[in-house]
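Chain by chain, the residues:
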Amino acid sequence: MFRKFFLKSIIFCVITSSIVFGISYWVDTFNIFHWKNIRFTSAEPNKNYIKTQYILHNPDLFNAFVFGSSRVGNLPQNGLPESLSGEKLRWYNMTHSVGLPAEHLLTLKTFLAHGVDVKVIFLGFDDILMINSPESHRKELLRLPYQVYEESKWKFYKPYLKKLPAFSLIKEIAAYKTSEHQDDTELFYSYGTLKEDFSLTEDSQLENWPSAHKSVTGYTQTNAYQDIFSIAQLCADYGITLILFTNPLYSTTYRDAVDDGYLSVLQKVGESVTFYNFSSLNAYTQNPQYFFEGAHYRPALGLLMEKMVFGTEEERAEIRRKAGDELFGVKVTPQNVDEIVRGLQNQIQSQ
């Protein structure tokens, strides 16, 4: 009797698990199983995994990469140089949700280990590295890094198969038509982002947007800036051109980040490596029209950033004039970092 009950229980568990696994695989909330043909739904895909797989399967397709959190997803493709130091560049944007320097370091190491052609890295960072840990991302299906897949395919796939999708998403997938998303698909695989919208936010009354910075006492990830140094060293070892920059933060987010120690992060980074700083108070970062919300700047501002880094001196001068801020896009070096940080501190205190 017990044996029969036990066998029925086993069969029931197997059938139930198979149904859950089957539905999870078919719906594929995070596009893990559809990285070759991503589907655009209301659920955000795990872009870290998808993009890394894509590049590893096409190691010679691109040789210049934008790295950073979702914020760098608003750097337009047409604002990046077609060549640098005589090298023709083919750009791909590796932006993914809450991307951290520690994760970019792992991805770069993975690329190099698999023979990916890497000539230039354009890497953005900001207050996100202060408050988010790469360890926590190993517990989140949206951000589970590709390297877990290399450690163990089953360990990687298991949590995705066990997670039953939301009913609303099942309905989306059932009605999904690939032909209706062709433009987005082509852009995703040619550059790594979706269609760029160069308009400004229409509702300019949202001047008091809440900060996107999660307030903490100081910053919890006190050594995260060292991952940037490791990336710089790795690039130097392999002859890769590395261009670092900070993302512009909307004024409320920036002020909160500064209160929590952001300027000390910039100080520490600048003492060892060179970067372009877009984190300051100016006519752009205090104008909500240049932001989607308190966390993400719009492509219109992203294009200005690209001109500050890759454009002419005349373009840079005009952008700074409109910003009303000599510190916007300034090149920070070990030689001038003390002066720049003092200027940012004075700016905060005077506004």
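The rules we used
Residues numbered from 1 in each chain as written. Predicted model: local features only at pLDDT ≥ 70, side-chain atom pairs only at ≥ 80, totals over all residues. Heavy atoms only, no water. Helix = DSSP H or I, 4+ residues; strand = E, 2+ residues; numbered from the N terminus. Rg over C-alpha atoms; globule rule 2.2 N^0.38 Å. Buried < 20%, exposed > 50% of the residue type's maximum accessible area, 1.4 Å probe, protein only. Contact = heavy atoms within 4.5 Å. Areas by Shrake-Rupley, 256 points an atom, 1.4 Å probe, with all protein chains shown as cover. Lys, Arg positive; Asp, Glu negative; His and termini not counted. Charge placed at Lys NZ, Arg CZ, Asp CG, Glu CD. 1 Å grid on protein atoms, 1.4 Å probe; cavity = no way out; pocket = protein on both sides within 12 Å on 5 of 7 lines; lining within 4 Å. Points joined across faces, edges and corners; volume = space filled by probe spheres on them. Nonpolar A, V, L, I, M, F, W, Y, C, P; charged D, E, K, R; others polar. Salt bridge = Lys/Arg side-chain N within 4 Å of Asp/Glu carboxyl O. Phe/Tyr/Trp six-rings, centres within 6.5 Å; stacked < 30°, edge-to-face > 60°. Lys NZ or Arg CZ within 6 Å of the ring centre and 35° of its normal. Polar contact = N/O pair within 3.5 Å; in protein donor to acceptor, adjacent residues only side chain to side chain.

**Student:** Please clarify how the overall build of the protein chain should be interpreted in this entry.
**Tutor:** Within the protein chain, the secondary structure is distributed over 15 helices and eight strands. Relative to its length of 351 residues, the protein chain is compact, with a C-alpha radius of gyration of 22 Å against a globular reference of 20 Å. In terms of overall dimensions, the protein chain has a C-alpha envelope of 80 × 45 × 40 Å along the principal axes. The buried share among the 351 residues of the protein chain stands at 52%. Restricting to contacts in the protein chain with at least 6 residues of sequence separation, those with at least 24 account for 80%. As displayed, the protein chain offers around 16800 Å² of accessible surface, 53% of which is attributable to carbon and sulfur atoms. Between the centroid of the 34 positive side chains of the protein chain and the centroid of its 39 negative side chains there is a distance of 11 Å.

**Student:** For this particular structure, what's the right way to read the layout of surface pockets?
**Tutor:** A water-sized probe rolled over the atoms picks out the places where empty space is left. One number sums up the size of the largest pocket: a volume of about 490 Å³. Lining of the largest pocket is provided by 25 residues; of these, K47, G73, N74, T193 and L194 occupy positions nearest its centre. Taken together, the residues that form the lining of the largest pocket break down as eight nonpolar, eleven polar and six charged. Counted by class, the lining of the second largest pocket contains five nonpolar, five polar and four charged residues.

**Student:** Explain the environment of M130 to me, please; I cannot follow it from the model alone.
**Tutor:** When you line up the elements, M130 lands in helix 4 (residues 128-131). Distance from M130 to D260, taken between C-alpha atoms, is 8.8 Å for residues 130 residues apart in sequence. Apart from the residues within four sequence positions on either side, M130 is in contact with H213, Y219, T220, Q221, A257, D260, G261, Y262 and V265.

**Student:** Got a minute to help me understand the pattern of salt bridges in this structure?
**Tutor:** Per the counting criterion, the structure on display carries eleven salt bridges. We note a salt bridge from E318 to R321, for which the minimum N-O separation is 2.7 Å. Pair noted here: E318 and R321 are both in helix 14 (residues 313-323), with a separation of three residues, about one helical turn. The salt bridge involving K322 is made with E318; its shortest N-O contact spans 3.9 Å. Pair noted here: K322 and E318 are both in helix 14, with a separation of four residues, about one helical turn. Through salt bridges with shared partners, a single network forms among R71, D126 and D127.

**Student:** What exactly am I supposed to notice about the packing of aromatic side chains here?
**Tutor:** The relative placement of two aromatic rings is captured by the distance of their centres and the angle of their planes. Overall, the coordinates contain 30 aromatic pairs when judged by the stated rule. Measuring from centroid to centroid gives 4.5 Å for F122 and F245, while their planes differ by 40°, and the two rings are tilted. Remark: F245 occurs in strand 6 (residues 241-246) and F122 occurs in strand 5 (residues 120-125); sequence separation between them is 123 residues. Taking relative accessible area as the criterion, F122 reaches 1% and is therefore assigned buried. Using a relative accessible area of 0% as the deciding quantity, one classes F245 as buried. Centre to centre, the rings of F188 and Y189 are 5.1 Å apart; their planes meet at 85°, and the pair counts as edge-to-face. Here F188 matches Y189 in class, with each residue buried. Linked through ring pairs, Y25, F30, F33, Y49, Y146, Y149, F156, Y157 and Y160 together constitute an aromatic cluster. Just above the ring of Y149 sits the side chain of K153; from NZ or CZ to the centre is 4.9 Å.

**Student:** Just checking my understanding: could you explain the side chain of D28 for this structure?
**Tutor:** Tracing the backbone through its elements, the reader meets D28 in the loop between helix 1 (2-27) and helix 2 (47-56). For the buried D28, no salt bridge exists, and the shortest N-O distance to an oppositely charged side chain is 4.6 Å, to R39. In this structure the side chain of D28 is engaged in a polar contact, spanning 2.9 Å, whose partner is the backbone nitrogen of I32. Excluding residues that lie within four positions of it along the chain, D28 makes contacts with I23, F33, H34 and R39.

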